[in-house]
Amino acid sequence: MASSDSATRPADHQRPRGLGSFLRSQMRNIAPFLTLILLSGFFAIASPSFATLDNVGNILTQVSVTGIIAVGLTFVILCAEIDLSIASIANVTGIAVAYFTLQESYVNIANVPMPGWAAILLALALCALLGLVNALGLTVIGIPSFIMTLAMMQIAAGVSAMLVRGQIAYKVPPLITTLGSGSIGGIPWIVIVAAVMLLGGHLVLTYTRFGRYVYMVGGNREAAEFAGLNVKLILGAVMVISAVCSGIGGMLGVAHFGSAQQNEFDTYLLDSIAAVVVGGTSLFGGRGGIGNTIVGLFVLGVLNNGLDHVNIDSFLKILIRGLILLAALIINVYAQRLREQAAD
Amino acid sequence: MSQGRLPILELKEITKAFGGVEALRGVDFALHAGEIHGLVGENGAGKSTLMKIIAGVHPEFSGRFMLDGKETRFRSTRDAHAAGIGMVHQELSVAPDLTVAENVFLGNQPTNRLGLVQWRRMAREAGEQLSRFGIDVDPMTRLGDLPIGLQQLIEIARVLFSGARLIILDEPTSALSPPEVERLFTTLRRLRDQGTSIVFISHFIEDILRVSDLVTVFRNGRKVAETRSADTSKGALIEAMIGRGGETLEHSYTDDLMLPPSGGGSVVLKADQLSFGRSLQHVSFEARAGEVLGVYGFMGCGQLELSRILFGKLKPDHGTLAVDGAAKTFRSTADARRAGVALVPESRRAMLFHQEPVYKNISISILERISALLLKPVTERAIAKRQVEQLQIRPPVVGLDLGMLSGGNQQKVALAKWLTYPPRLLVLCEPTRGMDVGAKNDVINIVRDLRAKGLAIIVLSTEPETVLSLADRILVLKRGAVVREFACEAVSKDRLLEAA
Ligand SMILES: Nc1ncnc2c1ncn2[C@@H]1O[C@H](COP(=O)(O)OP(=O)(O)OP(=O)(O)O)[C@@H](O)[C@H]1O
Ligand SMILES: [Mg+2]
């Protein structure tokens, strides 16, 4: 009975569909990876200077600051929230660390010089505090993160403006200078820091209880609450994590660029969001992770860098970036739908 | 009634597998015009899967599908809809952000010549249809703001009045009160007499016998019996469903039942004068260790709000809670969980993570106990495995995404997550909703076990049978107030209904 059963069963008919539905459910991970390979292949053929070891090093350095900021943002987006204040918080933290460092006499800022370690701690405390304000606004008052962090974007920009008053500061504590612009054995420290933070983020998300909670809250917030999780605490924590990652990115960025000034990080807001989303982390929460963010970072890095290697109108470059971002967003939303279908 | 006429729908040798799981194996099924066809079977027997094939949800299957004698293949639910097939799914599938009227007319709003929606006409007609069905709501309210039972009724009404000639109802009555069920049956009979074919799935076998002309029994993806309702009995159906004698499995609770004298365990939870908006008024009670307190009442009597308050999801406007004698103010569900309170809510959508594997759904509430900082996936899986075996969850694969389990099995998972480290107080909302007789019995036994271990248990339900089968003491809620307490006395279904 049982054997005749399995013989008449159209098993062969089922298997391709099994694979098909597997691929469909993995669309979110496969699509960004394919994009990366296609882009790299294209630029490697289009320009002889693209696929060189030197240039790979360039790309890594170029995506480092974005990468550091994107670690925290990945946590936020996994929870189905958003943080629009990342670039402003990076900026104000970078400015703060310079503000607490002794500047050359020609720098016309009424700053408060302190020992290096104190400057770093104060700057970190500042970004954590701003993150905490975001967290309280979101969880205690109940302002949607989109609005709350929009306000914080202005607030942080305002604090930056008050600190530098249109001037430029150059000096940061030696530790920050080394991490931001030094290198060891030919590898820039900033790349190492970015790699360590990405790895750390990945480990937290994958192997810790907190990481699991982040995914569960993003997957179904109501169910998380009914499971007895402190959803507000988790949401608050990711907002603080995001702000601190931004702050670290800001400090190293300032050292990397060699100066601290207003509006220095404006492009990083879009770049970081793009990296996370292009990588395939779901805007609806619960799906994706640091692995996706890394792929997203490389897609953006290869795109930005590659466009410099081929002869393209630099204004067209902006448009192309926009179109690629749009394509990635479409895939992101579409992948969600395919997954739901595959689950049927 | 069916002899001699061509069936409007005929399925032959239907086989359907999901990955390795065979949901249907060579099932034949036929449906004639003007008949109500009941479907019964254990959780995971394949009832919903067959119906989803008919409604075009699963376009891929093997076997023959004939509509009006012609071989047909639906590629989507839209095709099925166009062919006059309407289905009410087991999981509520309404659009909570649209108005009641929009939900009633979902997909075919009345439009004028310019293609604009005629709002006033839509609201009026929706209101008329619903009131014919005994539902009295403002058609312009947002559907999500209504209680679940009402949402379910509105979804049913939408399909019933869509003009479909073949209507599938997958466990439509699970959230309805007895009078609502009566009204539904009257409407079904009227539609049948007008020539509509209806498939009715339910775990309430009396209901099936009462309303349907034919009954088909499923077991393990196969059709094991098909008879006229007049020629069978509850016991025979249960036996066919589970393959053993079923008479002992279910009481009908029409006779008086003696509630035991008070158990005398210590008071675990004391609720004093709880009030919440218009839903609850001065509700006071105690839950004792080793005792099951039943809370019975019709839909919307305040049960949901009460359960939410006990678990810290809602804050009462007035009144206090004390656990083990210490006053508690829960600021979050996490506070409640730490105080030893656990809740299994009534809605599967609200309590489970459909995109995550079974083991993560089971371990989520106890992660704090089994891991400090790092997760221990091996322990997690082992614990989940044990619960899956104990509750006989099918299929017994802890790595499977939860969304792939049948409705009743999902319900068991929701209970499983609280059983590894039993809480002090377990609050169960509709614990047996959507479960087959065997599984209901399992749940009853589990609850009795937990009671024997000294837990305080509160069971809230709109089904008198559920409360009667579990409770040692029963509160009856009506419009947010306790109107009657049954303790240490005779009680029956009729007495409960009378009190509510
Ligand atoms: N989308 C899916 N993916 C994988 N497996 C599925 C899917 N849907 C159903 N199944 C499996 O098919 C079998 C039959 O499920 P089905 O939902 O038809 O049961 P049912 O008879 O409706 O049970 P219940 O009374 O619990 O609702 C179950 O073993 C279930 O796990
Ligand atoms: Mg079902």
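Residue numbers run consecutively from 1 along every chain, following the written order of its sequence. Chain labels run from A onward and ligand labels from 1 onward, assigned in the order the entries are written. Local features in a predicted model are, by the rule used here, given only for residues with pLDDT of at least 70; side-chain atom pairs are given and counted only at 80 or more, and totals for whole chains, interfaces and linings are based on all residues. By convention in this description, side-chain values take in all heavy atoms of the structure and omit both hydrogens and water.

A. A look at the packing of helix α4 (residues 53-78) of chain A against helix α14 (residues 290-309) of chain A. Residue and element names in this part refer to chain A. Whenever a helix is involved, its axis is fitted only over the stretch in contact; in every case the axis is a line through C-alpha atoms, and angles between N-to-C directions fall within 0 to 180 degrees. Each helix corresponds to a stretch of at least 4 residues labelled H or I by DSSP, and each strand to a stretch of at least 2 residues labelled E; elements are numbered beginning at the N terminus. Contact pair α4 / α14: the axes reach a minimum separation of 9 Å and the direction vectors enclose 140°. Classified by the angle between their axes, α4 and α14 sit oblique to one another. Between α4 and α14 the crossing geometry is right-handed. For the pair α4 and α14, the contacting residues are Asn55, Asn58, Ile59, Leu60, Gln62, Val63, Thr66, Gly67, Ala70, Val71 and Thr74 in the first and Ile290, Thr293, Leu297, Phe298, Gly301, Val302, Asn305 and His309 in the second. Ten residues, namely Ala, Val, Leu, Ile, Met, Phe, Trp, Tyr, Cys and Pro, are considered nonpolar, four, namely Asp, Glu, Lys and Arg, are considered charged, and the remaining ones, Gly among them, are considered polar. Class assignment for the residues of the contact of α4 with α14 results in nine nonpolar, 10 polar and no charged. Here is the rule for angles: anything less than 35 degrees is roughly parallel, anything more than 145 is roughly antiparallel, 65 through 115 is roughly perpendicular, and the remaining ranges are oblique. Each crossing is labelled by how the near helix is turned from the far one, with a counterclockwise turn of less than a right angle marking it left-handed and a clockwise turn marking it right-handed. Residue contacts follow a heavy-atom distance rule, with two residues in contact if any of their heavy atoms lie within 4.5 Å.

B. Region of interest: the packing of helix α8 (residues 174-181) of chain A against helix α9 (residues 189-207) of chain A. Residue and element names in this part refer to chain A. Look at α8 against α9: their axes get within 5 Å of each other, and the N-to-C directions meet at 90°. Here α9 runs roughly perpendicular to α8, going by the angle between their axes. Contact with α8, carried on its side by Thr178, Leu179 and Gly180, involves Trp189, Ile190 and Val193 of α9 and no other residues of that element.

C. Focus on the site of ligand 1. Surrounding ligand 1, one finds 22 residues, the nearest of these being Gly44, Ser48, Thr49, Met404 and Gly408 of chain B. What surrounds ligand 1 is not a single chain but chains A and B. Between ligand 1 and Ala45 of chain B, the relevant distance is 3.2 Å, taken from an oxygen atom to a main-chain nitrogen or oxygen of the residue. By the criterion applied in these results, polar contacts are pairs of N or O atoms within 3.5 Å in which, for protein atoms, one can donate a hydrogen and the other can accept it, and in which residues neighboring in sequence qualify only through two side-chain atoms. Gly46 of chain B is positioned such that a nitrogen or oxygen atom in its backbone is 2.9 Å from an oxygen atom of ligand 1. Exposure was quantified through the Shrake-Rupley algorithm and a 1.4 Å probe, taking into account, for residues, occlusion by the shown protein chains and nothing else. A total of 630 Å² of accessible area belongs to ligand 1 in isolation, and the protein chains cover 94% of it. The cutoff for a nearby residue is simple: one of its non-hydrogen atoms must lie within 4 Å of the molecule or strand.

D. Structural detail: the interface of chain A and chain B. Of the residues lining the interface, 30 residues belong to chain A; the matching set on chain B comes to 42 residues. Buried surface at the junction of chain A and chain B, both sides included, amounts to about 3200 Å², of which 52% is carbon and sulfur. The largest per-residue losses of area from chain A upon contact with chain B belong to Arg209, Arg212 and Phe226 of chain A, which jointly make up 26% of the total buried on that side. Here the side of chain A that touches chain B is composed, by residue class, of 11 nonpolar, eight polar and 11 charged. Using a 1.4 Å probe, buried area is obtained as the accessible area two parts lose upon being combined, added over both of them.

E. Inspection of the nonpolar core at higher detail. One finds Phe43, Val97, Ile176 and Val214 of chain A to be the most contacted residues of the largest nonpolar core, which totals 93 residues. Among the elements that line this core, the one with the most residues is α4 of chain A, at 12 residues. Not counting the four nearest positions on each side in its chain, Val97 of chain A is found in contact with Ala119, Ile120, Ala123, Val172, Pro173, Ile176 and Met251 of chain A. Grouping buried Ala, Val, Leu, Ile, Met, Phe, Trp, Tyr and Cys residues that are joined through side-chain atoms within 4.5 Å yields what is termed a nonpolar core. A 1.4 Å probe rolled over the protein chains alone gives each residue an accessible area, and that area as a share of the maximum for its type sets the label: buried under 20%, exposed over 50%, partly exposed in between. Counting residues in each nonpolar core, the second largest holds 68 residues, with Leu280, Ala414, Ala439 and Val443 of chain B among its members.

F. Local environment of helix α4 (residues 119-132) of chain B. Residues and elements named next belong to chain B. Its 14 residues place the ends of α4 20 Å apart at the C-alpha level, agreeing with the 20 Å of an ideal helix rising 1.5 Å per residue. For α4, the full list of buried residues reads Met122, Ala123, Ala126, Gly127, Gln129 and Leu130. The buried residues of α4 occupy an angular sector of 165° when the element is viewed end-on, so they sit on one face. Opposite the packed face of α4, turned more than 90 degrees from it, sit the exposed residues Arg120 and Arg132. Residues of α4 that are buried make contact with α3 (100-104) and α5 (148-160). Where α4 ends, the next residue or the one after it, Gly134, has phi of about 80°, a positive value. Helix span is expected to be 1.5 Å times the residue number reduced by one. To be clear, the arc concerns the directions from the helix axis to the C-beta atoms.

G. Representation of the coordination of the magnesium ion (ligand 2) in the model. Residues and elements named next belong to chain B. Only nitrogen, oxygen and sulfur atoms qualify as donors, provided they sit within 2.8 Å of the metal or within 3.2 Å for Na, K and Ca; with water excluded from the atoms, sites may seem incomplete. Here the magnesium ion (ligand 2) is held by the protein donor atoms Ser48 (OG) and Gln90 (OE1), which lie 1.9 to 2.2 Å from it. Of the two residues, Ser48 is situated in helix α1 (residues 47-54) and Gln90 in the loop between β6 (85-88) and α3; the sequence distance between them amounts to 42 residues. The class of Ser48 is buried, set by a relative accessible area of 17%.

H. The sheet that holds strand β3 (residues 36-41) of chain B, seen in detail. Residue and element names in this part refer to chain B. One open sheet accounts for six strands, arranged β6-β7-β8-β3-β9-β10; its pairing is mixed. The two strands at the open ends of the sheet, each matched to only one other strand, are β6 and β10 (222-228). Shown here is a sheet whose adjacent strand axes are inclined to one another by a mean of 15°, direction ignored. Think of it this way: DSSP has to see at least two bridges between two strands before they count as a pair. With four bridges connecting them, β3 and strand β8 (residues 197-201) associate as parallel partners. Counterpart to Gly38 in the pairing with β8 is Phe200. On top of the sheet, α5 reaches β6 and β7 (166-170); it is set at about 170° to β6, its chief contact. Against the sheet, helix α8 (residues 234-242) makes contact with β3, β9 (214-219) and β10, and its axis sits at roughly 30° relative to β9, the strand it touches most.

I. Geometry of the side chain of Ser307 of chain B. Residues and elements named next belong to chain B. Mapped onto the elements, Ser307 comes out in helix α9 (residues 303-310). On the accessibility criterion, Ser307 (0% relative accessible area) is buried. Sequence-distant contacts of Ser307, defined by excluding residues within four places in its chain, comprise Leu343, Val427, Cys429 and Leu460.

J. Seen up close, the pairing of β9 of chain B. Residues and elements named next belong to chain B. Counting buried residues in β9 gives five out of six residues, a clear majority hidden from the surface. Two strands pair when backbone bridges link them, and β3 and β9 are joined in this way by five bridges, in the parallel orientation. Bridge pairing in β9 links Leu39 to Thr216. As paired elements, β9 and β10 share six bridges and run antiparallel to each other. Of the residues in β10, the one forming a bridge with Arg219 is Arg222.

K. Spatial organisation of helix α5 (residues 86-99) of chain A. The terminal C-alpha atoms of α5 of chain A, which comprises 14 residues, lie 20 Å apart, in line with the 20 Å expected from a rise of 1.5 Å per residue. Here α5 of chain A lies mainly inside the structure; 14 of its 14 residues are buried.

L. Structural view of the pattern of salt bridges. Residues and elements named next belong to chain B. Take a side-chain nitrogen of Lys or Arg and a carboxyl oxygen of Asp or Glu: if they are within 4 Å of each other, that pair is a salt bridge. Within this structure, the stated rule accounts for 35 salt bridges over all chains. Of the charged contacts, one joins Arg142 and Asp145 as a salt bridge, the two residues approaching to 2.7 Å between their closest N and O atoms. Here Arg142 falls in the partly exposed class, since its relative accessible area comes to 34%. Among the salt bridges present, the one from Asp324 reaches Arg424, with a minimum N-O distance of 2.6 Å. Of this pair, Asp324 sits in the loop between β15 (318-323) and β16 (326-328) while Arg424 sits in the loop between α15 (407-416) and β18 (425-429); the two residues are 100 residues apart in sequence, bridging distant segments of the chain. Exposure remark for Asp324: the relative accessible area of 41% places this residue in the partly exposed category.

M. The arrangement of the environment of Lys315 of chain B in detail. Residues and elements named next belong to chain B. Among the structural elements, Lys315 can be located in the loop between α9 and β15. Residues Lys315 and Ala33, 282 residues apart in the sequence, show an inter-C-alpha distance of 52 Å. In contact with Lys315, not counting residues within four places along its chain, are Phe276, Phe330 and Arg331.

N. Layout of the packing of aromatic side chains. Residues and elements named next belong to chain A. For this analysis, a ring pair means two rings from Phe, Tyr or Trp (six-membered ring only for Trp) whose centres lie within 6.5 Å, classed as stacked if their planes differ by under 30 degrees, edge-to-face if by over 60, and tilted for the remaining angles. In total, this model carries 12 aromatic pairs over all chains according to the counting rule given. Pairing Phe42 with Phe43 gives two aromatic rings, centres 5.2 Å apart and planes at 65°, and the pair type is edge-to-face. Judged by its relative accessible area of 2%, Phe43 falls in the buried class. For the ring pair Phe43 and Phe50, a centre distance of 5.5 Å and an interplane angle of 45° mean the geometry is tilted.

O. Layout of the domain arrangement of chain B. Residue and element names in this part refer to chain B. By the assigned domains, chain B splits into domain 1 (9-242), domain 2 (248-340 + 423-500) and domain 3 (354-422). Note that domain bounds follow an automatic or database assignment of domains. The C-alpha centroid of domain 3 is placed 25 Å from the C-alpha centroid of domain 2. Every contact between the two is made by 18 residues of domain 2 and, on the other side, 12 residues of domain 3. Between domain 2 and domain 3 lies a buried interface of about 1200 Å² when both sides are counted; carbon and sulfur atoms form 68% of it. Among the residues domain 2 hides against domain 3, the three largest losses belong to Arg337, Pro423 and Ile446. Together they make up 38% of the total. Between domain 2 and domain 3 we count two salt bridges in total. Every element with two or more residues in the side of domain 2 that touches domain 3 is listed here: α10 (333-338), β18 and α16 (437-452). Per-element tally for the side of domain 2 that touches domain 3: the top contributor is α16, with five residues.

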